[in-house]
Amino acid sequence: MSDFTSEFWNFYVIGIVVLSLLACLILLWSQGSVTYTAGKTTGHAWDEDLEEYNNPMPKWWSLLFYLTVVFSVVYLFFFPGLGKYQGYLNWSSAKYSLGADGTVANQAGSKYQSEVDTVNRKLEPTLNRYLALDIPTLAKDPKAMEMGQRLFQSYCIQCHGSDAKGSKGFPNLTNDDWQWGGEPEQIEATIAGGRTAAMTPHTDMSDETVKDIANYVLSLSGESSDSERIARGEAAFRNSDCLTCHDPGIMTGQPTGVPSGNILMGAPNLTDKVWLYSRNPEVVADTIKNGRNNQMPGWEGFLGKGKVHLLAAYVYSQSHK
Ligand code: HEC
Ligand code: HEC
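In this report, we go over the structure that sits alongside the text. (Residues numbered from 1 in each chain as written. Chains lettered and ligands numbered in written order. Predicted model: local features only at pLDDT ≥ 70, side-chain atom pairs only at ≥ 80, totals over all residues. Heavy atoms only, no water.)

1. Describing the packing of helix 5 (residues 142–155) against helix 12 (residues 300–319)
At a closest axis distance of 8 Å, the pairing of helix 5 and helix 12 adopts a crossing angle of 105°. Classified by the interaxial angle, the pair formed by helix 5 and helix 12 is roughly perpendicular. Contacts between helix 5 and helix 12 involve Ala-144, Met-145, Met-147, Gly-148, Gln-149, Leu-151, Phe-152 and Tyr-155 on the former and, on the latter, Phe-302, Leu-303, Lys-307, Leu-310, Leu-311, Ala-313, Tyr-314, Val-315 and Ser-317. Of the residues belonging to the contact of helix 5 with helix 12, the class tally is 13 nonpolar, three polar and one charged. (Axes fitted to C-alpha atoms, helices over the stretch in contact; angles between N-to-C directions. Helix = DSSP H or I, 4+ residues; strand = E, 2+ residues; numbered from the N terminus. Parallel < 35°, antiparallel > 145°, perpendicular 65-115°, else oblique. Contact = heavy atoms within 4.5 Å. Nonpolar A, V, L, I, M, F, W, Y, C, P; charged D, E, K, R; others polar.)

See the structure below:
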């Protein structure tokens, strides 16, 4: 709150807060002190005969409202909210706290950071114990999985969904189809360091060829039966660079000729019924023509090894039920 350029803003904020609270109280009090006559209406009528009774607010409702005002007063005593007043607890979310004279007293750590550090220090022994266990074992520990689930709910659901089943562009983590590998170490490496997919665009291909290839790819999972397009598409597919990424054997020098996915490139299996984007022919064609660059962020720097290990076990448990 030291950012105020003049005392005016300090009193301005205090004034608005106090006046709002007073206004709430006056409103409540005035409503409570009106005398009501049973059966009397306000005189308003809608739809010809729908009349509004002039009854008092329910008691529980007024009481709740009074309680929120009491809560505000207590809150404003302990925490910042009234202009420059720091609050009795001297709490601050900023990177510094102010001394009595209003200058920066502690630039090293904020209250928030020190609270985070305290919790992390408390967690350390537990996390170290978990870190010593391998992922399949950890995945069977109910206590650990409870914690893993909470971490997942905090950091992962915005992309993968609260059920970990993903959505368009965000993979389902509960099945046995893995873009980057489903072995415990592979899952852990994905979460720790993140992954960047690079499906190259094929903008020089004609729209017709792209459509042919899309039909061939769809036919691999029984989604197209346009035999002419499929035949032309397969030839174009084999002529193009698709198998350099989608063939699982390419890196080991033993190409299979089947695009059943390549975890070293993060290239999905094109022969199964699981779609990262969609089986809609137009979306498949769009992927082929314009490429895709999906990114999974890395978490080790932010969460540390222990929590990443726990998350890997949680993801593993979701796909090994
Ligand atoms: C900002 C969105 C986002 C967040 C947040 C996110 N992910 Fe992901 N995640 C992705 C995307 C996108 C992919 C697919 C990357 C690709 O296409 O190569 C992915 C892929 C993965 C994979 C690999 C799946 C496979 O088939 O190989 C795992 C495992 C994973 N995420 C776990 C997590 C966990 C655990 C968290 C929480 C710590 C998390 N993700 C948070 C976007 C996200
Ligand atoms: C440079 C490597 C590379 C090449 C070459 C490549 N792909 Fe891909 N492909 C990928 C990667 C990686 C992904 C995943 C993209 C993502 O996660 O965003 C992908 C995704 C796809 C998808 C989406 C699958 C789904 O589940 O939604 C299709 C379809 C596809 N590729 C077809 C092709 C075809 C057809 C060709 C040849 C014309 C081709 N790819 C060439 C790497 C490649």
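Back to the write-up after that little detour.
2. A few points about the site of ligand 2
Around ligand 2 lies a shell of 30 residues, among which Met-199, Cys-242, Cys-245, His-246 and Tyr-277 are the nearest. Gln-179 is positioned such that a nitrogen or oxygen atom in its side chain is 2.9 Å from an oxygen atom of ligand 2. One of the side-chain nitrogen or oxygen atoms of His-246 is found 2.8 Å away from a nitrogen atom of ligand 2. Residue assignment for the shell around ligand 2 shows that the elements contributing at least two residues are helix 8 (207–219), helix 10 (242–246) and helix 11 (281–290). Among the elements that take part in the shell around ligand 2, helix 10 stands out by supplying four residues, more than any other. Here the shell around ligand 2 is composed, by residue class, of 19 nonpolar, nine polar and two charged. (Near = heavy atom within 4 Å. Polar contact = N/O pair within 3.5 Å; in protein donor to acceptor, adjacent residues only side chain to side chain.)

3. Observations regarding the site of ligand 1
Taken together, 23 residues sit near ligand 1, with Cys-156, Cys-159, His-160, Trp-180 and Met-296 positioned nearest. Contact between ligand 1 and His-160: a nitrogen atom at 2.8 Å from a side-chain N or O atom of the residue. In the environment of ligand 1, an oxygen atom lies 2.8 Å from a nitrogen or oxygen atom belonging to the backbone of Gln-179. Secondary-structure elements contributing two or more residues to the shell around ligand 1 are helix 6 (157–160), helix 7 (184–193), strand 6 (295–296) and helix 12. When its residues are assigned to classes, the shell around ligand 1 shows 16 nonpolar, six polar and one charged.

4. Things to note about the coordination of the iron atom of ligand 1
Here the iron atom of ligand 1 is held by the protein donor atoms His-160 (NE2) and Met-296 (SD), which lie 2.0 to 2.1 Å from it. Relative to the metal, the six donor atoms surrounding the iron atom of ligand 1 lie at angles of 88 to 179°, and the coordination shape comes out octahedral. A residue pair is termed long-range when its members are at least 10 positions apart, and His-160 in helix 6 and Met-296 in strand 6 qualify at 136 residues. His-160 gets classed as buried once you look at its relative accessible area, which sits at 10%. Residue class for Met-296 comes out partly exposed when judged on its relative accessible area of 23%. (Donors = N, O, S within 2.8 Å, 3.2 Å for Na, K, Ca; no water. Tetrahedral: all angles 85-135°; square planar, octahedral: opposite > 155°, others 65-115°. Buried < 20%, exposed > 50% of the residue type's maximum accessible area, 1.4 Å probe, protein only.)

5. A word on the coordination of the iron atom of ligand 2
In this structure, Met-199 (SD) and His-246 (NE2) serve as the protein donors to the iron atom of ligand 2, at separations of 2.0 to 2.1 Å. Coordination at the iron atom of ligand 2 is octahedral: its six donor atoms span angles of 84 to 180° at the metal. One end of the pair, Met-199, is in the loop between strand 5 (195–196) and helix 8; the other, His-246, is in helix 10, and 47 residues separate them in sequence. Judged by relative accessible area, which is 25%, Met-199 ranks as partly exposed.

Purely geometric stuff here, so don't read any function into it on its own.
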